[in-house]
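Structural characterization, general
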Amino acid sequence: MNTKGLVELIVLNIGKDGGVLNDQTFAIMVLMALFTTFITTPIVISVYKPAKLAVTAYKHTTIERKTRVSSSES
């Protein structure tokens, strides 16, 4: 579970303890929090495939000096 889901559960517990949420609403919200937290990663993996985006070939280059420094000048 990621931190967003944990924070959501903490906020829901605070709301239930404070009397803002009844038991039915709390249960529904907890189930939604768990469902959306656990289903997000598989959906993102199935939709977003970064390996397919990186098809461009990498061109190796070298750095060349324009002037040579002779050993007698050093």
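Scroll up to find the structure.
What you are looking at is a predicted structure, and each value in this text was computed from that prediction instead of being measured.

Among the nonpolar cores identified, the biggest contains 6 residues, and these are Leu9, Leu12, Leu21, Phe26, Val30 and Ala33. The set of elements that each furnish at least two residues to this core consists of α1 (3-17) and α2 (23-47). Residue contacts for Ala33: discarding those within four places in its chain leaves Glu8 and Leu9.

To continue, consider the environment of Ala33. Topologically, Ala33 is positioned in helix α2. A residue is classified by how much of its surface remains accessible, and Ala33, at 0% relative accessible area, is buried. Along the chain, Ala33 and Leu12 lie 21 residues apart, while their C-alpha atoms are 9.6 Å from each other.

Moving on, we get to α1. Taking 1.5 Å as the rise per residue, α1 with 15 residues should run 21 Å; its terminal C-alpha atoms sit 21 Å apart, in good agreement. Listed in full, the buried residues belonging to α1 are Gly5, Leu9, Leu12 and Gly15. On an axial view of α1, the arc spanned by its buried residues comes to 120°, and they lie on one face. Turned more than 90 degrees off the buried face of α1, the exposed positions are Thr3, Val11, Ile14 and Asp17. Its buried side turned inward, α1 meets α2. Just beyond α1, the residue with positive phi is Gly19, at close to 85°.

Following the criterion strictly, the structure yields 0 aromatic pairs and no others. Sitting over the ring of Phe26, Lys16 keeps its end group 5.5 Å from the ring centre.

On to the side chain of Thr37. Mapped onto the elements, Thr37 comes out in helix α2. By relative accessible area, which is 9% here, Thr37 ends up buried. A polar contact is formed between the side chain of Thr37 and the backbone oxygen of Ala33, at a distance of 2.6 Å.

Conventions we followed
- Residues numbered from 1 in each chain as written.
- Predicted model: local features only at pLDDT ≥ 70, side-chain atom pairs only at ≥ 80, totals over all residues.
- Heavy atoms only, no water.
- Core = buried A, V, L, I, M, F, W, Y, C linked by side-chain atoms within 4.5 Å.
- Buried < 20%, exposed > 50% of the residue type's maximum accessible area, 1.4 Å probe, protein only.
- Helix = DSSP H or I, 4+ residues; strand = E, 2+ residues; numbered from the N terminus.
- Contact = heavy atoms within 4.5 Å.
- Expected span 1.5 Å × (residues − 1).
- Arc of directions from axis to C-beta.
- Phe/Tyr/Trp six-rings, centres within 6.5 Å; stacked < 30°, edge-to-face > 60°.
- Lys NZ or Arg CZ within 6 Å of the ring centre and 35° of its normal.
- Polar contact = N/O pair within 3.5 Å; in protein donor to acceptor, adjacent residues only side chain to side chain.

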